[in-house]
Amino acid sequence: MWGIMTALLSGALMSLQGVFNTEVTRQTSEWVSAGWVQLTAFVTCGVIWLLNGRPSVSALFSVEPKYMLAGGIFGAFITYTVIKSMESLGPARSALLIVVAQILVAYGIELFGLFGVEKAAFEWRKALGAGVAIAGIIIFRS
């Protein structure tokens, strides 16, 4: 149940962040806005780290494979692409496309066992679910 609640909160926060970032971008620029998001996220993480017992930051140097440390780079481009998609499509259409893309890529990662994720067997019901999501985009677009 906790996982479901956390996922729902994550989706809601992503939608709110997209709207906020789009407005900041309108008044500044894409990379100023994206930089601000990353900077404020860094400060927030720093404060929470200080309040959370200060686990060792040096553990980052032990992460293997090293490409797993690229999440922050993805974060910068996620911020930029969410801003641009919300700016051109609006929050609802943008969020719908983002979620469907997340489902398709995540399922692909599971199917092929990429990036250390345990390989999952193909399931028609999951493929059907992805198809329904794609149909939802077509219906929503109309």
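Criteria and thresholds
Residues numbered from 1 in each chain as written. Predicted model: local features only at pLDDT ≥ 70, side-chain atom pairs only at ≥ 80, totals over all residues. Heavy atoms only, no water. UniProt positions renumbered as here; feature names shortened; annotations may be inferred. Helix = DSSP H or I, 4+ residues; strand = E, 2+ residues; numbered from the N terminus. Axes fitted to C-alpha atoms, helices over the stretch in contact; angles between N-to-C directions. Parallel < 35°, antiparallel > 145°, perpendicular 65-115°, else oblique. Left-handed = near helix turned anticlockwise from the far one by under 90°. Contact = heavy atoms within 4.5 Å. Nonpolar A, V, L, I, M, F, W, Y, C, P; charged D, E, K, R; others polar. Phe/Tyr/Trp six-rings, centres within 6.5 Å; stacked < 30°, edge-to-face > 60°. Buried < 20%, exposed > 50% of the residue type's maximum accessible area, 1.4 Å probe, protein only.

Naming follows an unreviewed UniProt entry, where the protein appears as DMT family transporter of Candidatus Lachnoclostridium pullistercoris.

Undergrad: Honestly, the UniProt feature "transmembrane region" (unreviewed entry) in the protein in this entry has me stumped. Any pointers?
TA: When the UniProt feature table is mapped to this numbering, "transmembrane region" (unreviewed entry) covers residues 31–51, 63–83 and 95–117. Annotation note: span residues 31–51, helix share 100%, strand share 0%, distance between end C-alpha atoms 30 Å. Across residues 63–83, helical content stands at 62% and strand content at 0%; the span's end C-alpha atoms are separated by 30 Å.

Undergrad: Help me out: how do you make sense of the packing of helix H3 (residues 71–89) against helix H4 (residues 91–112) in this one?
TA: Helix packing geometry: the angle between the two helix axes and the distance between the axes. Close contact between H3 and H4 brings their axes to 7 Å; oriented N to C, the two are set at 135°. For the element pair H3 / H4, the angle class is oblique. Crossing of H3 over H4 shows right-handed handedness. Residue-level inspection shows Val-82, Ser-85, Met-86 and Leu-89 of H3 in contact with H4, the latter providing Pro-91, Arg-93, Ser-94, Leu-97 and Ile-98. For the contact of H3 with H4, a count of residues per class yields 6 nonpolar, 2 polar and 1 charged.

Undergrad: How do you make sense of the packing of aromatic side chains when you look at a structure like this?
TA: One pair of aromatic rings is described through two measures. These are the centre distance and the angle between the planes. Counting across every chain of the model gives 4 aromatic pairs. With a centroid separation of 4.7 Å and 0° between ring planes, the pair formed by Trp-31 and Tyr-80 is classed as stacked. Residue Trp-31 is found in helix H2 (residues 30–51), and its partner Tyr-80 is found in helix H3; the two are separated by 49 residues along the sequence. We classify Trp-31 as partly exposed; its relative accessible area is 47%. Both rings, one in Tyr-67 and one in Phe-115, keep their centres 6.2 Å apart while their planes meet at 65°; by these two values the pair is edge-to-face. With Tyr-67 in the loop between H2 and H3 and Phe-115 in the loop between H4 and helix H5 (124–141), the pair connects residues that are 48 residues apart, well separated along the chain. Taken together, the ring pairs connect Trp-31, Phe-77 and Tyr-80 into an aromatic cluster.

Undergrad: Before we go on, may I ask you to explain the packing of H2 against H3 in this structure?
TA: Contact geometry for H2 and H3: axes closest at 9 Å, N-to-C directions at 130°. Overall, the two elements H2 and H3 adopt an arrangement that is oblique. Of the two elements, H2 crosses H3, and the hand of that crossing is right-handed. For the pair formed by H2 and H3, the contact residues are Glu-30, Trp-31, Ser-33, Ala-34, Val-37 and Gln-38 on the first element and Gly-72, Gly-75, Ala-76, Phe-77, Thr-79, Tyr-80, Ile-83 and Lys-84 on the second.

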